[in-house]
Amino acid sequence: MNRFSYQVMTGALVTALTGMYVGAAFAQTSVSPTLGRNLAAQCANCHGTNGKSVADVPSLAGQSAAMIVQKMQDYRDGKLPASIMHQLAKAYSDDQVALMADYFSKQAK
Amino acid sequence: MNSTSTRRNFVKSAGALSLLGTLASGGVTGCASLGGVAKPKVVVVGGGYGGATAAKYIAMWSEGKIDVTLVERDAQFVSCPLSNLVLGGSKTINDISVAYGGLAKYGVRHVRGDATGFDPDKKTLALADGTSLPYDRLVLSPGIDFIPDALPGLASADARGKVLAAWKAGPETVALRNQLVAMKDGGVFAIHIPKAPYRCPPGPYERACQVAWYFQQVKPKSKVIILDANEDVTSKKGLFTKAWNGQFKGLIEYRNNQDIQDVDATNNTLKMTFGEDFKADVLNVIPPMRAGNIAASSGLNNSNKRWCQVDWLTYESTAVKNVHILGDALQIAPAMPKSGHMANQHGKVCAAAIVALLTGDTVNQTPMVANTCYSFIDDKNVVHVASVHRYDAAQKTMVPIAGSGGLSVEQNVLEGVYANSWARNIWADMLT
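Every value quoted in this text rests on a predicted model; they were computed, and no experiment measured them.

Draft legend 1. Geometry of the sheet that holds strand β11 (residues 188–193) of chain B. All names here are of chain B. Spatial strand order, β13-β12-β11-β17: four strands in an open sheet with parallel pairing. Each having just a single partner strand, β13 (252–255) and β17 (282–285) make up the two edges of the open sheet. Taken over all neighbouring pairs, the strand axes of this sheet differ in orientation by 15 degrees on average, direction set aside. Here β11 pairs with β17 via four bridges, running parallel. Residue pairing in the sheet places F189 in a bridge with V282 of β17. Most of the contacts of helix α5 (residues 171–182) go to β17, to which it runs at about 155 degrees, and overall it touches β11 and β17.

Here it is as structure tokens:
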């Protein structure tokens, strides 16, 4: 994505998006390229900077976006056993998970 | 360049978001330098979980477009999380220390020194050695300091060296471990917990477990007494009380509503607000605390004169412009703990905002932060509490997301592995 494509957003649109979750509107509009990065930074404490783990928790960097999306849904729905991911996954919308999965899938392994 | 004019138009149209730009466009204020000659400057004070993270992420996310300096007196970071394991004996202080050298590869300059204050008009930070550092944005991650006159008996350094707090990891952690090792079998270790809010809500209870675990192995006739100024256990109550009534039965005693007036360090004695003085062989007092000294002395502690209020979109102080504050020093949002994990998350939201402000991008209006606190019951079994928070534009604060987060069902060794993994990854996330 062009790094600056979001710049065409008007002030009004920015305001309209303020305070709401990444919704369907976002999916069609050009999303700030930093949004996925910012969301994914929440995971780095446990999965490593940009998803590159240096310890026992699995890396997310370079994993397929589809796999990350699927696992996050399964954690959320209680279909995959977890010590903690089931509690975290419930906090994120499908769009947010998609943005994070896309970001991690593009990071070097 | 085409994108320059696009960007300038954008900056104008989104002026309500108070953007700052650094492009050679003129008319943009707030930066020490314009025109691409010198880069905008960010100075970060304090290399803990908040400050080190902010420094690394500002350098990394700005891709070298921002000049980042970290002011931190020590050569290496010592982690508060996991420091209770040094007291228990399953880790050494070296195991929980990481050098600051790794930040250099991101372009972060480490200045060893003590920040003493700043001039908000000239935008300079003063250091104890008489030098000063100019900034466009100042980030303070000052942690906590103890409220000076709350416990007069701990006013002297001598007294504080005897009745230890060990609530900042480092030499005091080792000194408290040494006191425990020197204590006779059959002795009493007592820990006094101040009224909330304080740094690391589950920390004192974890500490009690770690000391009990140590006693169990080598001094089984000894006792741990928790004297809590709070009405009840402030964090992970069910999980901790299960351990106290289970593997540590008879070893740990919990007492609530234990207000103290003062401490007599010569006799290792607590002056209780109600009832008899309390004497222990090893006395550990966590004094009431507030935002770190530099925040308090410069009037940033505008909540009850204890904690600092910020705009949760940028972490900019509500008291002084261009100064951002992170971590335990903050007046917390609802259900947001004072934890290292949380400070790391503050650091990233702040870093994203500062990079946006100094490069003419929009500040993210929907920031989120996630928290996890792992507590070690013994050397292997661990419990956690987790929560996720989002910005609420109407309330202008962070709110926990309903239905998310929670606690471990019970202590378990798998989370012991994950807690150690967490430590290694979060330290790397800050420092390497």
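Draft legend 2. Structural view of the confidence of the model for chain B. All names here are of chain B. For chain B, mean pLDDT is 93; residues scoring 70 or higher make up 91% of the total. A low-confidence stretch, residues 1–33 (pLDDT under 50), is modelled with 60 contacts involving residues beyond four sequence positions or located in other chains. Predicted as a complex, the structure gets a pTM of 0.89 and an ipTM equal to 0.89.

Draft legend 3. Just the packing of helix α2 (residues 49–61) of chain B against helix α10 (residues 413–431) of chain B, in detail. Residues and elements named next belong to chain B. In contact at an axis separation of 7 Å, α2 and α10 are set at 55 degrees when each is read in the N-to-C sense. Judged on the interaxial angle alone, α10 and α2 are oblique. Contact residues: Y49, A52, T53, K56 and Y57 in α2; W422, I426, W427, A428, D429, M430 and L431 in α10. Considered class by class, the residues forming the contact of α2 with α10 number nine nonpolar, one polar and two charged.

Draft legend 4. How the structure looks around empty space enclosed by the protein. Overall, the coordinates contain three cavities of 30 Å³ or more when judged by the stated rule. Roughly 140 Å³ of volume is contained in the second largest cavity. As for the second largest cavity, its lining consists of 15 residues, and the residues nearest its centre are N38 of chain A together with K348, V349, N364 and P367 of chain B. Among the secondary structure elements, those contributing two or more residues to the lining of the second largest cavity are α3 (33–40) of chain A together with α9 (340–359) of chain B. A per-element tally of the lining of the second largest cavity places α9 of chain B first, with five residues.

Draft legend 5. Just unusual backbone geometry, in detail. All names here are of chain B. In the segment running from A196 into P197, the intervening peptide bond is cis, with an omega of 5 degrees. Along the chain, the position of P197 falls in the loop between β11 and α6 (203–218). Located in the positive-phi region is N257, a residue other than glycine, with phi close to 50 degrees. With respect to the helices and strands, the residue N257 is situated in the loop between β13 and β14 (260–264).

Draft legend 6. Seen up close, the pattern of salt bridges. Per the stated rule, a full pass over the model turns up 18 salt bridges over all chains. With a shortest N-O distance of 2.8 Å, D94 of chain A and R76 of chain A are connected by a salt bridge. Of this pair, D94 of chain A sits in helix α7 (residues 94–105) while R76 of chain A sits in helix α5 (residues 65–76); the two residues are 18 residues apart in sequence, bridging distant segments of the chain. A relative accessible area of 47% places D94 of chain A in the partly exposed class. Of the charged contacts in the structure, one is a salt bridge between D145 of chain B and K168 of chain B, with a shortest N-O distance of 2.7 Å. Here D145 of chain B, found in strand β10 (residues 144–146), pairs with K168 of chain B, found in the loop between α4 (157–162) and α5; they are 23 residues apart in sequence, far enough to count as distant. Look at K168 of chain B and you get partly exposed, because its relative accessible area is 37%. Counted as one network, the salt bridges with shared partners bring together R76, D77 and D94 of chain A.

Draft legend 7. Examining the domain arrangement of chain B more closely. All names here are of chain B. Considered domain by domain, chain B is made up of domain 1 (4–146 + 290–363) and domain 2 (152–287). For domain 1 and domain 2, the distance between their C-alpha centres works out to 33 Å. Residue-level contacts link 21 residues of domain 1 with 22 residues of domain 2. Taken together, both faces of the contact between domain 1 and domain 2 bury some 2,000 Å²; the carbon and sulfur share is 65%. Our count for the contact surface shared by domain 1 and domain 2 stands at two salt bridges. D328 is the salt-bridge partner of R199, the closest N and O atoms lying 2.5 Å from each other. In this assembly, domain 1 and domain 2 are joined by eight residue pairs in polar contact (both at pLDDT 80 or more). Contributing elements (two or more residues each) for the side of domain 1 that touches domain 2: α3 (84–88) and β10.

Draft legend 8. Main features of the side chain of D328 of chain B. Residues and elements named next belong to chain B. Relative to the helices and strands, D328 is located in the loop between β21 (323–325) and α9. A polar side-chain atom of D328 sits 2.5 Å from a polar atom in the side chain of R199. In this view, D328 contacts I144, R199, W307, K338 and S339; residues no more than four positions away in its chain are not counted.

Draft legend 9. A look at the environment of W422 of chain B. Locating W422 of chain B in the fold gives a position in helix α10. In contact with W422 of chain B, other than residues within four places in its own chain, are N45 and C46 of chain A together with Y49, P81, L82, H341 and Y374 of chain B.

Rules of the game
Residues numbered from 1 in each chain as written. Chains lettered and ligands numbered in written order. Predicted model: local features only at pLDDT ≥ 70, side-chain atom pairs only at ≥ 80, totals over all residues. Heavy atoms only, no water. Pairing = 2+ DSSP bridges. Helix = DSSP H or I, 4+ residues; strand = E, 2+ residues; numbered from the N terminus. Axes fitted to C-alpha atoms, helices over the stretch in contact; angles between N-to-C directions. Contact = heavy atoms within 4.5 Å. pLDDT = per-residue confidence, 0-100. Parallel < 35°, antiparallel > 145°, perpendicular 65-115°, else oblique. Nonpolar A, V, L, I, M, F, W, Y, C, P; charged D, E, K, R; others polar. 1 Å grid on protein atoms, 1.4 Å probe; cavity = no way out; pocket = protein on both sides within 12 Å on 5 of 7 lines; lining within 4 Å. Points joined across faces, edges and corners; volume = space filled by probe spheres on them. Salt bridge = Lys/Arg side-chain N within 4 Å of Asp/Glu carboxyl O. Buried < 20%, exposed > 50% of the residue type's maximum accessible area, 1.4 Å probe, protein only. Domains from an automatic or database assignment. Buried area = accessible area lost by both parts, 1.4 Å probe. Polar contact = N/O pair within 3.5 Å; in protein donor to acceptor, adjacent residues only side chain to side chain.

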